[in-house]
Amino acid sequence: MKRNWLLPILVGLITAGAAWHGTLVATPYALMSAALDKIATGRVNTFVFTQPSTADNQPIVRPSPDLSYSTCVFDLANGPVLLDIEPVPDHYWSISIFDARTDVAAVRSDRDTGGKSARLALIRKGMAVPKGYEPVALRYDKGLALIRILMTDAADFPTIDAIRRKSTCKQL
């Protein structure tokens with residue numbers, strides 16, 4: 001009796017291909033969702049200002065000890081989220097916006113703003129942008145805003161901390 005192996009092999013290859021593609025599509029969302037849950041700690045649309053990173057307080061994989069981090073887990077479900085980033089004189093700083101798929105939606109730094117503040121409106125298609133804000137259009141409601149400030153000397157942290165705490169992340 002001759003067996004026809006072509007159909008089972010074809011079904012197996014199609015199933016393996018679909019599983020591979022599904023994993024590829026779902027992994028970024030799953031990783032970002034886990035990261036957002038860990039970072040948010042119940043706070044959404046507000047900045048969380050952390051202490052300088054050490055081996056004992058790393059919330060995410062290997063942060064740099066010479067950077068000061070501030071994070072805002074945002075949710076656009078109820079409208080735009082406005083970011084006002086206070087510049088830190090004589091220090092490199094940047095704000096990065098990551099969407100729910102881990103894609104970078106925008107990055108601005110002291111070099112882009114000429115040392116002035118960054119004013120970003122995180123929006124979905126069809127949302128109005130307040131005057132004076134640069135729109136950052138996102139494909140997903142949720143994501144992460146991350147401020148990084150370079151500290152050339154650990155003794156600068158109290159001054160940097162006071163300035164960065166003037167930055168805001170709030171629902172319009």
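This structure is a prediction, so every number in the text was calculated from the model and none was measured. (Residues numbered from 1 in each chain as written. Predicted model: local features only at pLDDT ≥ 70, side-chain atom pairs only at ≥ 80, totals over all residues. Heavy atoms only, no water.)

So what about the state of the cysteines? Which residues, and what values?
Summed over all chains, the structure comprises 1 disulfide. Disulfide partner of Cys72: Cys169, at an S-S distance of 2.0 Å. With the S-S dihedral at roughly -50 degrees, the linkage between Cys72 and Cys169 falls on the left-handed side. Within this pair, whereas Cys72 is found in strand S2 (residues 67–75), its partner Cys169 is found in strand S9 (residues 168–171), the two being separated by 97 residues in sequence. A single burial state applies to Cys72 and to Cys169, both of which are buried. (Disulfide = S-S within 2.5 Å. Helix = DSSP H or I, 4+ residues; strand = E, 2+ residues; numbered from the N terminus. Buried < 20%, exposed > 50% of the residue type's maximum accessible area, 1.4 Å probe, protein only.)

Could you give an account of the layout of surface pockets, with specific residues and numbers?
Roughly 220 Å³ of volume is contained in the second largest pocket. Lining the second largest pocket are 14 residues; nearest its centre among them are Ser33, Leu36, Asp37, Val73 and Lys142. Elements supplying a minimum of two residues to the lining of the second largest pocket: helix H1 (6–40) and S2. A per-class count over the lining of the second largest pocket returns 8 nonpolar, 3 polar and 3 charged. (1 Å grid on protein atoms, 1.4 Å probe; cavity = no way out; pocket = protein on both sides within 12 Å on 5 of 7 lines; lining within 4 Å. Points joined across faces, edges and corners; volume = space filled by probe spheres on them. Nonpolar A, V, L, I, M, F, W, Y, C, P; charged D, E, K, R; others polar.)

Can you explain the pattern of salt bridges? Please cite residues and give values.
One pass over the structure, following the stated rule, counts 7 salt bridges. For the salt bridge of Arg139 with Asp103, the shortest nitrogen-to-oxygen distance reads 3.2 Å. Taken together, the residues span a long stretch of sequence, with Arg139 in the loop between strand S7 (134–137) and strand S8 (142–150) and Asp103 in the loop between strand S4 (93–99) and strand S5 (104–109) at a distance of 36 residues. Since its relative accessible area comes to 55%, Arg139 is described here as exposed. Of the residues examined, Asp103 reaches a relative accessible area of 31% and is grouped as partly exposed. A salt bridge links Asp141 to Arg124; the shortest N-O distance between them is 2.8 Å. Placement of the pair is Asp141 in the loop between S7 and S8 and Arg124 in the loop between strand S6 (118–123) and S7, with a sequence separation of 17 residues. Take Asp141: its relative accessible area is 27%, and that puts it in the partly exposed class. (Salt bridge = Lys/Arg side-chain N within 4 Å of Asp/Glu carboxyl O.)

Account for unusual backbone geometry, with residues named and values stated.
Positive phi, close to 60 degrees, is recorded for Asn45, a residue that is not glycine. Summarising the element assignment, Asn45 is placed in the loop between H1 and strand S1 (48–49). Residue Thr102 is not a glycine yet carries a positive backbone phi of 80 degrees. With respect to the helices and strands, the residue Thr102 is situated in the loop between S4 and S5.

Break down the sheet that holds S7 for me, citing the residues and quoting the values.
Spatially, S7-S6-S3-S9 is the arrangement adopted by the 4 strands of the open sheet, whose pairing is mixed. Two strands close off the open sheet at either side, each with one partner strand: S7 and S9. Shown here is a sheet whose adjacent strand axes are inclined to one another by a mean of 25 degrees, direction ignored. As judged from the 5 bridges shared by strand S3 (residues 81–85) and S6, these two strands associate in the antiparallel manner. Looking at the pairing, Val81 lines up with Leu122 of S6. (Pairing = 2+ DSSP bridges. Axes fitted to C-alpha atoms, helices over the stretch in contact; angles between N-to-C directions.)

So what about the environment of Ile97? Which residues, and what values?
Its location among the elements puts Ile97 in strand S4. Spatially, the C-alpha atoms of Ile97 and Gly143 are 7.4 Å apart, while their sequence positions differ by 46 residues.

Help me get a handle on the packing of aromatic side chains, residues and values and all.
Overall, the coordinates contain 1 aromatic pair when judged by the stated rule. Ring geometry for Phe47 and Phe49: centres 6.0 Å apart, planes at 35 degrees, overall tilted. (Phe/Tyr/Trp six-rings, centres within 6.5 Å; stacked < 30°, edge-to-face > 60°.)

Can you tell me about the pairing of S5, naming the residues and giving the values?
Sheet topology note: the S4/S5 ladder contains 5 bridges and is antiparallel. Directly across from Ile95, in S5, lies its bridge partner Arg108. Counting the residues in the hairpin turn of S4 and S5 gives 4 residues, including Thr102, whose phi is positive at 80 degrees.

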